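Chain and residue survey
Spelled out, the chains give:
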Amino acid sequence: MEDNWLRQADEVEALSSIFSDQFKIEDEINHKYSIIIQDNHGNSQFTITLQVTFPPEYPSDSPPIYQINASWLRGDERQRLQTCLEEIYCEKIGECLVFLWTEKIREFLTDRFETLSSSSVKCPPALENIETDRTKEAEEGEGDYDDDDEYGFNPELHTYKPSAAQETGGCEEFDGIELPPIHHGEFVKDRKSVFQGHLAPVSHQKQVDMVLNKLKENKKIAAATHNIIAYRIQCGQDSFITGCFDDGEIHAGSRMLHLLNIVDARNVLVIVTRWYGGVHLGPDRFKHINNCTRVLLESHGYVKDKAGDKKGPKSHASGQDKQGPSQNHQSSSRKKGK
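Turning to helix α8 (residues 252-262), a few remarks are in order. Side chains that are three or four residues apart share a direction in an α-helix, a result of its 3.6 residues per turn. Every buried residue belonging to α8 is among A252, G253, S254, M256, L257, L259 and L260, and all of these are buried. Packing partners of the buried residues in α8 comprise β9 (226-234), β10 (240-245), β11 (268-275) and α9 (284-299). Positioned one or two residues after α8, D264 has a phi angle of 60°, which is positive.

Here you go:
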C-alpha cells in the first residue's frame, strides 16, 4: 500500500510537470485530478477532459477511476475510445497509466481531426446547454442532476454511455453476440417512488447495450426517471472490464458497481429502474437501489457463501422471474462467460 502511495505521488508530480496549466488537482485528499487534452494541431474546438481518481490499490492491483468529459463525444466514438483505454489497462496491469491514457486520447483526437479535414466534412459545433426531458425530471425529482457530471462518476474503469441507437430508440444488432436471459426483481415502493432491479449474465460489453435495448421495449421502463447501470466482466484471470451509468441519479451507478466489486460478482450486468413519485427520498433512494442490486445478485448465485466458495448462477430453466411492468421478455441463449 505504501509503495502505491509513493508511485502515485511520483506520477502526479510528473503529470503536473508535463501538462502544466492543463493539469488540475480537483481534490487532493481524495486523489482526484483532471487533465485537459487537445489534439497535436492545437485545435481547441474539440477537447477532452480526463478526470482520474487514484484508489489505494492503484497502480499495483487496480486501474485509476476515470471519467471522460466531452459533450460532443457520443455513441460509437465514445465506445471506441473507451475500448482503447481498456486495452491499455489490460496490457499494462500494475503500471502507471494516466500518461499512456492521455497520449492515446491525444492520438484519438488527432486522427479524428485529420479524418474530418481530409474528407472536407465540417465539424459540428460542440453540443452545449442541452436540456433533455430526463434533466427536467431529475430537477423535479431529487434535484441532484448536474450537467457538469453528464456521464456520472465511475468508481472503476470507465463510465458506460448508452449507444446512439438507444438514444434514438433504435435496436442495435451485434453479429455473433446473443441477447442473454434477463431476470427481474420484485418491485420496491417507498413514498410513491418505485424501484425494480434487472439482472443479466454477460460475457461481452456489447451485451450491455442489447439488454438495455430489450428492457426499453417496455414503454414504462423506457419512460422511467432513471435506468441505472453497473456491470463487471472478466477479461483475464485477474482483470475485469467494468462500467456504470448513473442516468441522472448521480453516484448511484458507482455505488452499484462498488457492490459488484465487493462481492466479486463476475460476468454480470445489473440495471435498477426507478420511477420517481414526486416525494424526495434523500439517502434512502441509494439504499433501495443497492438492495435491489444485492437481492438479485444473491438470488442468482453471484454472491460468495460463508465458506468463501462462489455460488454458481442458478439454472435459467428453474422458475419464472418477475417480469417488468406490462412486458413479457423473451430471453435468448448467450455465449457463456469465463
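Quick look at the nonpolar core now. By size, the foremost hydrophobic cluster in this structure holds 28 residues, and its most contacted members are I48, L73, W101 and I105. With 23 residues, the next largest nonpolar core counts V268, V272, C292 and L296 among its residues.

Using the criterion set out here, one finds six aromatic pairs in the structure. Here the aromatic rings of F46 and W72 are separated by 5.0 Å at their centres, their planes lie at 85°, and the arrangement is edge-to-face. Taken together, the residues span a long stretch of sequence, with F46 in the loop between β2 (32-37) and β3 (48-53) and W72 in the loop between β4 (65-69) and α2 (75-91) at a distance of 26 residues. Neither residue differs from the other here; F46 and W72 are each classed as buried.

Turning to the sheet that holds β2, a few remarks are in order. Taken in spatial order, the four strands line up as β1-β2-β3-β4 in an open sheet, and their pairing is antiparallel. The open sheet terminates on both sides in strands that have one partner only, identified here as β1 (23-27) and β4. Neighbouring strand axes in the sheet, compared pairwise and without regard to direction, differ in orientation by 20° on average. Both β2 and β3 contribute to a ladder of six bridges, which runs antiparallel. Bridge pairing in β3 links K32 to T53. Relative to the sheet, helix α1 (residues 2-19) contacts β1 and β2, its axis offset from that of β1 by approximately 135°. Against the sheet, α2 touches β3 and β4, its axis set at about 150° to β4.

Thresholds applied
Residues numbered from 1 in each chain as written. Predicted model: local features only at pLDDT ≥ 70, side-chain atom pairs only at ≥ 80, totals over all residues. Heavy atoms only, no water. Buried < 20%, exposed > 50% of the residue type's maximum accessible area, 1.4 Å probe, protein only. Helix = DSSP H or I, 4+ residues; strand = E, 2+ residues; numbered from the N terminus. Contact = heavy atoms within 4.5 Å. Core = buried A, V, L, I, M, F, W, Y, C linked by side-chain atoms within 4.5 Å. Phe/Tyr/Trp six-rings, centres within 6.5 Å; stacked < 30°, edge-to-face > 60°. Pairing = 2+ DSSP bridges. Axes fitted to C-alpha atoms, helices over the stretch in contact; angles between N-to-C directions.

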